[in-house]
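As a plain string of letters, each chain reads:
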Amino acid sequence: SPAPLNVCITGAAGQISYSLLPLLSSGHVFGPDQPLNLHLLEIPPALPALSGVVMEIIDGAYPLVKSVIQTSDPKVAFRGAHIAILVGAFPRRAGMERKDLLAKNLPIFKAQGHALNEVANRDVKVVVVGNPANTNAMVLSHFAPQIPPTNITALTRLDHNRALAQVAKRMDVSVLDVHDVCIWGNHSSTQYPDVTRATADGKQVLPKMGGFGGLAEGFIPLIQKRGATIIQARGMSSAMSAANAISDHLRSWILGDSQVVSMAVPADGSYGINKGVYFSYPVRCVGGGSYEIVQGIELDEFSRKYVEATAAELYAERAEALALFE
Ligand code: NAI
């Protein structure tokens, strides 16, 4: 069997990680022949809880799990990492402004950027999940200059999957028969879930989704607010579906995917988005850890307005973060 993959997870005692670890350990993410070393990072107060999670991994008797490290030192966790899944972040508390959340997370992603830069595998593939995910990815990349910025991504696959599922439901087809759905921009309530070109079973979905008016009134806000709706219902944020989306994101990225998927990646000027922010685009994952932003989409005026709004939010987040750099 191949050499073990060193997979680092931060926030490893949290609820997303609790749903993600079984997917990783069972071979669902990287395949049934790929052994893993799990490198689990937590903050010191959560290390006792993490030790319980590690006992459960051991008790899972997973043949693919070769070793498990538990630590609160990013340099230990990131050493030799091939894959880094950055879930740990400072949580948003009631009354916190976006600025406050950025200020709390900046030192975390700065320190982790430094550590990644120093000790991770040169070709490490990173997915940032902790919010504000796009801007945390931007901060991380800034402080990890040796890691190619395109090796760092932020998760918008959960939003993508939510959009796919809602279209499939509305069109009464399998999710497998829905194509050309994507998420543009920020993983936030300004994201633009775009189904204007989507097809279900080969048919355009736009008319059946109520045209542009129907999208603006129904589908788009439903996807934008889905996370908040789940918090309201569950009293906790989505974890099972988030873990599933991380699994999908990594599988597509590393193993390739015949479908166009959504990933937040460094903006390169495509679709008029300024460099310097991490922006969710439709991407084609060609396998072996490479992807390309899908080019040549003609954005109609309706879509363009949403894309510009989410870009404006990301530029503002970037400016707020840059003001905190020293
Ligand atoms: P959680 O609170 O259950 O777990 C987070 C864990 O991270 C905690 O155990 C905490 O101790 C740890 N942590 C905090 N700071 C850390 C640091 N500096 N280093 C290492 N670990 C640290 O939260 P949950 O539900 O697992 O969510 C985690 C993050 O993911 C949140 O920021 C949430 O907003 C975000 N999220 C993002 C989604 C996306 O689609 N991008 C979807 C769902 C959640």
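Residues numbered from 1 in each chain as written. Predicted model: local features only at pLDDT ≥ 70, side-chain atom pairs only at ≥ 80, totals over all residues. Heavy atoms only, no water.

A. Structural context of the pairing of strand 1 (residues 5–10). Within strand 1, six of the six residues are buried, which leaves the element mostly enclosed by the surrounding structure. Side chains Leu5, Val7 and Ile9 of strand 1 all project onto a buried face; the interleaved residues Asn6, Cys8 and Thr10 project onto the opposite face, where all are buried too. Pairing geometry for strand 1 and strand 2 (residues 36–41), over six bridges, is parallel. Bridged to Leu5 within strand 2 is Leu36. (Buried < 20%, exposed > 50% of the residue type's maximum accessible area, 1.4 Å probe, protein only. Helix = DSSP H or I, 4+ residues; strand = E, 2+ residues; numbered from the N terminus. Pairing = 2+ DSSP bridges.)

B. Main features of the site of the ligand. Around the ligand sit 22 residues, and of these Gln15, Ile16, Glu42, Val129 and Asn131 come closest. At a separation of 3.4 Å, a nitrogen atom of the ligand approaches a polar side-chain atom of Gln112. One of the backbone N or O atoms of Leu155 is found 3.4 Å from a nitrogen atom in the ligand. Starting from 860 Å² of accessible surface for the ligand in isolation, the protein chains cover 81%. Under a 2 Å grid-point criterion requiring more than half of the atoms, the pocket assigned to the ligand is the largest pocket. For the shell around the ligand, the secondary-structure elements that each account for two or more residues are helix 1 (15–25) and helix 4 (98–119). Per-class residue counts for the shell around the ligand are eleven nonpolar, ten polar and one charged. Built from parts of two domains, the shell around the ligand gets at least three residues from each of domain 1 (5–154) and domain 2 (157–318). (Near = heavy atom within 4 Å. Polar contact = N/O pair within 3.5 Å; in protein donor to acceptor, adjacent residues only side chain to side chain. Areas by Shrake-Rupley, 256 points an atom, 1.4 Å probe, with all protein chains shown as cover. 1 Å grid on protein atoms, 1.4 Å probe; cavity = no way out; pocket = protein on both sides within 12 Å on 5 of 7 lines; lining within 4 Å. Sits in = over half its atoms within 2 Å of the grid points. Nonpolar A, V, L, I, M, F, W, Y, C, P; charged D, E, K, R; others polar. Domains from an automatic or database assignment.)

C. Inspection of the side chain of Gln191 at higher detail. Note that Gln191 resides in the loop between strand 8 (182–184) and strand 9 (192–194). Overall, Gln191 belongs to the buried group, its relative accessible area being 1%. Reaching out from Gln191, the side chain makes a polar contact with the side chain of Asp159 at a distance of 3.0 Å.

D. Expanded view of the nonpolar core. One finds Val7, Ile85, Trp184 and Tyr281 to be the most contacted residues of the largest nonpolar core, which totals 76 residues. Judged by nonpolar contacts, the second largest core, of 30 residues, contains Ala81, Phe109, Ile147 and Ile152. (Core = buried A, V, L, I, M, F, W, Y, C linked by side-chain atoms within 4.5 Å.)

E. Examining the side chain of Asn151 more closely. Checked against the element boundaries, Asn151 lands in the loop between helix 5 (133–142) and strand 6 (152–154). Among the polar contacts made by the side chain of Asn151, one reaches the side chain of Asp123 at a distance of 3.1 Å. Look past the residues within four positions of Asn151 in its chain and what remains in contact with it is Arg122, Asp123, Val124, Lys125, Val126 and Trp253. (Contact = heavy atoms within 4.5 Å.)

F. View of the sheet that holds strand 10 (residues 199–200). Taking strand neighbours across the sheet as the criterion, the three strands line up as 7-10-11 in an open arrangement whose pairing is antiparallel. At either end of the open sheet lies a strand with only one pairing partner, and these are strand 7 (178–179) and strand 11 (203–204). Pairing of strand 7 with strand 10 involves two bridges; the strand directions are antiparallel. Bridge pairing in strand 10 links His179 to Thr199.

G. Region of interest: the domain arrangement of the protein chain. Per the domain assignment, the segments making up the protein chain are domain 1 (5–154) and domain 2 (157–318). For domain 1 and domain 2, the distance between their C-alpha centres works out to 23 Å. Both faces considered, domain 1 and domain 2 share a buried interface measuring about 2,500 Å² in area, 63% of it formed by carbon and sulfur atoms. By the criterion of area lost to domain 2, the three top residues of domain 1 are Gln15, Arg98 and Asn134, representing 23% of everything that side buries. Remark: the boundary between domain 1 and domain 2 carries one salt bridge. Ionic pairing is found between Arg98 and Glu313, a salt bridge with its closest N-O pair at 3.6 Å. The tally of links from domain 1 across to domain 2 stands at 13 residue pairs in polar contact (both at pLDDT 80 or more). Residue assignment for the side of domain 1 that touches domain 2 shows that the elements contributing at least two residues are helix 1, strand 4 (83–86), helix 4, strand 5 (125–128), helix 5 and strand 6. Classifying every residue of the side of domain 1 that touches domain 2 by side-chain character gives 18 nonpolar, ten polar and two charged. (Buried area = accessible area lost by both parts, 1.4 Å probe. Salt bridge = Lys/Arg side-chain N within 4 Å of Asp/Glu carboxyl O.)

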